[in-house]
Each structure stands twice: as C-alpha cells, then as structure tokens.
Amino acid sequence: MLIPLILSGGSGTRLWPISRKNLPKQFLSLTGEGTLFQQTVARAIALPDSTPPIVVASDDHRFLAADQLLDMEVSGATIMLEPAPRNTAPAIALGAMQALKSDPEALLLVLPADHLVGDTASFVEAVQAALPAAREGWLVTFGIRPDRPETGFGYIRRAESIGAGTYRVEKFVEKPNQATAEGYLAEGGYDWNSGMFLFKAARYLEELGVHAPAILEATRKAFASAKADLDFVRLDKDDFAKVPDDSIDYAVMEKSKNAAVVPVSCEWSDIGSWSALWLAGAKDDNGNLLEGDTLAIGTRNSLLRSHDRHLVATVGVDDLVVVTTPDATLVAHRNAAQDVKKVVDHLKAMGRSEHSLHRVVHRPWGNYDSLEAGDRFQVKRIVVKPGAALSLQKHHHRAEHWIVVSGTAEVTCDDKVFLLAENQSTYIPLGSVHRLRNPGKVPLEMIEVQSGSYLGEDDIVRFEDVYGRS
C-alpha cells in the first residue's frame, strides 16, 4: 500500500499577517484552487494505488484539517494530533506506526502540507521512479533541480546511480552563502532538499532506532497510549512531551547509509516567505503579483495583497511586499521577506494577539469576527454552520444581545428553548446557561453585542460540548 503521510504542523510565521498560529499557511488559499493542505492531499490521493492519507497535525488545527478534508469529500483519512510540536522525525515515526497497523509492508509517501507543486505530472513521475528503490529498502528523498543559486534551502549532493533516475546520496549540506550556491549551480549534481520522502514505514522506524533510539522509544510509548477521540487519534500530552525534538534530516537522513535521491523539476516551492510566493505567482508585465483590490502605479517587482474591499495603492515603488488584513498591515522590502518572522517574535514579546489570532477566528462550529470593541462592550459577527451548535455555557462577567441577520437560530436560555428568525433578537442575561444552535440547512449569521466588566474569551464555563472542549 502507498500511504500518503501529510505533515501539517507548521506555523508559517514568515507569511504573517496572513498566516498565524491559529490559521497557518497550509490551511490558506494562497495560489491555485483550494488551500495548500488541500492541494497536497489531492496530489497524494491521485497517485496510483494510494490510500486515504494519514495527517499529522497540531491539536489546535484539528477541526481545520477535518473540515478541509470534508470539503474535498475525502473519507477514510486518519488525523493524528500532536499536543506540542516535536519536529519531523517523531511526526513521521507516528505516521509510520499508524501505517503499519494497516499493512506491514506499507510504503509511506511523506509530504509537507504547505508546499506548492505546479507540475503534478512530473511529481507523479518522480514518485513512480522512486518506488523500486523504496521497495528495496532505500530511504528516498526528492531533490528539486535548482534553477537559481538559492541560499534559503539546504542541498543534496548526488553520488552514483542506483537505478533509473535514482541516486545514492553522497551528502546533505546546510543552506549555503551566495557564492557557494552559485558554485553548486555551476557544478551540477546538487539538488534542493525538498523535505518530501518515500520509504517503507518499517525501514524508517528501523533506521530511526539505529540513529535516534531515544526518539523511537519515546514515540512508541506515546503512540501506545494514543486514544481515539471523535474523528481523531489523540496523543497523550505528558507522554508526547517526553519525545525529543529533531528533524528527519538530522536524526536519520544525514546519518543513514541507505539514503537515495530522485531529482525532479516540478515547479516546486516551499512558499517559505512572501518573496517565495512572489516567485511562484503569476505576475503582470511589470513583475507585480497582485491579489485583491489593488492599484499599482509606477510599481515594479512587488507583491500587493489586499483584504476584501480594502484598496491597496502604490506609486513609484519597487521590490515591495504590501499585505493587508482586517487588523494588520505589512510593508517590507521583498529582499527582507525572510525577516518577517522578527515581527511575529516582537508581537509575542509584547503580549499582543496578532501573532496568533486573526480578527476572524475559526471554531469547529463556524467562525466569529470581532467588529468593534470598547470600554465594557464588544460587537461580533457570528456564523454558525448548518446543524452545528456552540457549547452549553455561561459567563460570569458579561451579558449578550443576539440579533439574527440571516438563517434560523435555536436558542437555549436557562429553561427556555425557542427559535429566532431573521431580524429577530434576544437577550442573554449575565450568568444564564445558554446555547446557540443552527437547526437549518444554510449558515446562520448573527450579530452579538457583549456588555460587562470583562469580555475575555476565557470567561466561559462549558457544561456540554460536542467537540470535546473543556
């Protein structure tokens, strides 16, 4: 069996302010149809003889992953939840252990969820070329043939051929400086390290046991204590905290004598920064990548991305990145795009929420948008999916007014249960036990006005929750 393993735990901080901790880049639509996660899943399940994927994701992103698979009508996927990030070596070990439950000879195709592949046919050909070596026990990685002297990627040096289109890995090298990258490109025989792999699940665990036995042992213990929870496989927080943090490259691939590489040109990008997205995108005659409501006058080689109806206009500038969201705007030189992570680090240090939360916050039942806030009041736009419900809850410090804009709301307020139609409203007194549910077949949209002495999201006592939240 060819089992795709989708690694979906990244945070994508270099694509702030679009990508944030609670909605990272893999779950965003940045280029092409669907999100990067959905594009990755679609590529994987289209391969001959492939099964539904195993997804390893952060616990915080469980409903994002599940909803996006549901939107694709992908059934049979396994979503494994990491309580904390532990890098790729343990994540792949978890996927391998899960795969072996289905097939002791399982082949694991490891794909990061946040990469772009523009040429799917070439990618499929590369996977087919890698299969014989993987079946023979090689740990195969896919090397991207470089088309420029890139300093943002690690490289793989090819050795002798071991089969059609497949080579033994001579060595892995760290991200080079500009002169070294130019030398690699001129010399040939070097490929970018893509972070995509194909190998037998059992062979990976075998090599992990040789080169990083502490990771294997701790991951086995965490996997053994995992529990099924709704549609997820949930790992024990305490057991997983004991798993060492390391990448597959450092833990296994750089040490293995059985590493192989299949070079491929497939219009690949890791979308690791705004400059990478600019490189991958379709640009106008002036080299500008324009998304949303934008106006570029005398502007060259820039990326402009506006939110919704927010106009972004530039005049007489070159090589800029300008990105707006409802609550933040980024302006950066395109060559400094790798440093956007520093903004996120500063926001964390300042205790601000913009590094992790968008103004629109997604929940398993839908989403809410904080429209306005002031002293002792807050206004939200709430959208509830058909058939979904918020938890049965109460608040100690605030009351709420609900106004239905569209759809139908079923309201529970203490011992009363009643329906509200469009343009109707109700009042939820402070301390009342309440719930909002959408009994209809279309989204429920409503406006909520909160008032009280404290309006934080942690002022909530849940009595019942179908999503397993406390």
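Residues numbered from 1 in each chain as written. Predicted model: local features only at pLDDT ≥ 70, side-chain atom pairs only at ≥ 80, totals over all residues. Heavy atoms only, no water.

Q: Break down the sheet that holds strand S29 (residues 444-452) for me, with residues and values.
A: Spatially, S20-S21-S22-S29-S24-S27 is the arrangement adopted by the six strands of the open sheet, whose pairing is antiparallel. The sheet is open, and its two edges are formed by strand S20 (360-363) and strand S27 (425-428), each paired on a single side. Across this sheet, the average inter-strand angle for adjacent strands is 20 degrees, counted without regard to direction. Examined bridge by bridge, strand S22 (residues 377-384) and S29 share eight bridges and lie antiparallel to one another. Bridged to Ile382 within S29 is Met446. (Pairing = 2+ DSSP bridges. Helix = DSSP H or I, 4+ residues; strand = E, 2+ residues; numbered from the N terminus. Axes fitted to C-alpha atoms, helices over the stretch in contact; angles between N-to-C directions.)

Q: Which residues make up the pairing of strand S6 (residues 139-144), and what are the values?
A: With six of six residues buried, S6 lies mostly within the body of the structure. Residue alternation in S6 divides its side chains into two sets, Leu139, Thr141 and Gly143 and Val140, Phe142 and Ile144, and both sets are buried. Summarising the sheet, S6 and strand S12 (residues 259-264) pair through six bridges and their orientation is parallel. Paired with Gly143 across the two strands is Pro263, which belongs to S12. Pairing between S6 and strand S9 (residues 190-200): four bridges, direction antiparallel. (Buried < 20%, exposed > 50% of the residue type's maximum accessible area, 1.4 Å probe, protein only.)

Q: Kindly report on the sheet that holds strand S14 (residues 289-291), identifying the contributing residues and their values.
A: Strand order in this open sheet of four strands is S14-S16-S18-S19, and the pairing throughout is mixed. Of all the strands in the sheet, just S14 and strand S19 (329-333) have a single pairing partner and so form its edges. Within this sheet the neighbouring strands show an average axis-to-axis angle of 5 degrees, counted without direction. With five bridges joining them, strand S18 (residues 320-324) and S19 adopt antiparallel strand pairing. Among the inter-strand pairings, Leu320 is bridged to a residue of S19, identified as His333.

Q: I'd like a rundown of helix H1 (residues 36-45), residues and numbers included.
A: The buried count for H1 comes to eight of 10 residues, which makes it a mostly enclosed element. If you check which residues of H1 are buried, you get Leu36, Phe37, Gln38, Gln39, Thr40, Val41, Arg43 and Ala44. Contact partners of the buried residues in H1: strand S1 (2-8), strand S2 (54-58), helix H2 (62-71), strand S4 (107-112), strand S5 (116-117) and helix H4 (120-135). (Contact = heavy atoms within 4.5 Å.)

Q: Before we move on, could you go through helix H11 (residues 340-349) and cite the residues and values that matter?
A: Three or more residues of H11 are buried, namely Val340, Val344 and Leu347. The buried residues of H11 occupy an angular sector of 60 degrees when projected down its axis, which confines them to one face. Exposed residues lying more than 90 degrees from the buried face of H11 are His346 and Ala349. Next to the buried residues of H11 lie helix H10 (274-280) and S19. One or two steps after H11, the chain reaches Gly351, where phi turns positive at roughly 75 degrees. (Arc of directions from axis to C-beta.)

Q: Can you explain the packing of helix H6 (residues 201-211) against helix H7 (residues 213-224)? Please cite residues and give values.
A: As a packed pair, H6 and H7 sit with axes 5 Å apart at the nearest point and diverge in direction by 125 degrees. The angle between H6 and H7 places the two elements in the oblique class. Where H6 approaches H7, its residues Leu205, Leu208, Gly209, Val210 and His211 are matched on the opposing element by Pro213, Ile215, Leu216 and Arg220. The class makeup of the residues in the contact of H6 with H7 is six nonpolar, two polar and one charged. (Parallel < 35°, antiparallel > 145°, perpendicular 65-115°, else oblique. Nonpolar A, V, L, I, M, F, W, Y, C, P; charged D, E, K, R; others polar.)

Q: Can you tell me about the packing of helix H3 (residues 88-100) against H6, naming the residues and giving the values?
A: Viewed as axis vectors pointing N to C, H3 and H6 meet at an angle of 135 degrees, and their least axial separation amounts to 9 Å. As the angle between them shows, H3 and H6 are arranged oblique. When you trace H3 past H6, the crossing you get is left-handed. On H6, the residues touching Thr88, Ala89, Ile92, Ala93, Ala96, Met97, Ala99 and Leu100 of H3 are Ala201, Ala202, Tyr204, Leu205 and Leu208. In the contact of H3 with H6, the residues fall into 12 nonpolar, one polar and no charged. (Left-handed = near helix turned anticlockwise from the far one by under 90°.)

Q: Provide a residue-level description of the pattern of salt bridges, including the pertinent values.
A: Tallying each qualifying case throughout the model produces 25 salt bridges. With a closest N to O distance of 3.5 Å, Asp114 and Lys25 form a salt bridge. Here Asp114, found in the loop between S4 and S5, pairs with Lys25, found in the loop between S1 and H1; they are 89 residues apart in sequence, far enough to count as distant. By relative accessible area, Asp114 is classed as buried at 15%. Judged by relative accessible area, Lys25 falls into the buried class, the value being 5%. Each of Asp59, Arg62, Asp229 and Arg234 takes part in salt bridges that share partners, so that together they form one network. (Salt bridge = Lys/Arg side-chain N within 4 Å of Asp/Glu carboxyl O.)

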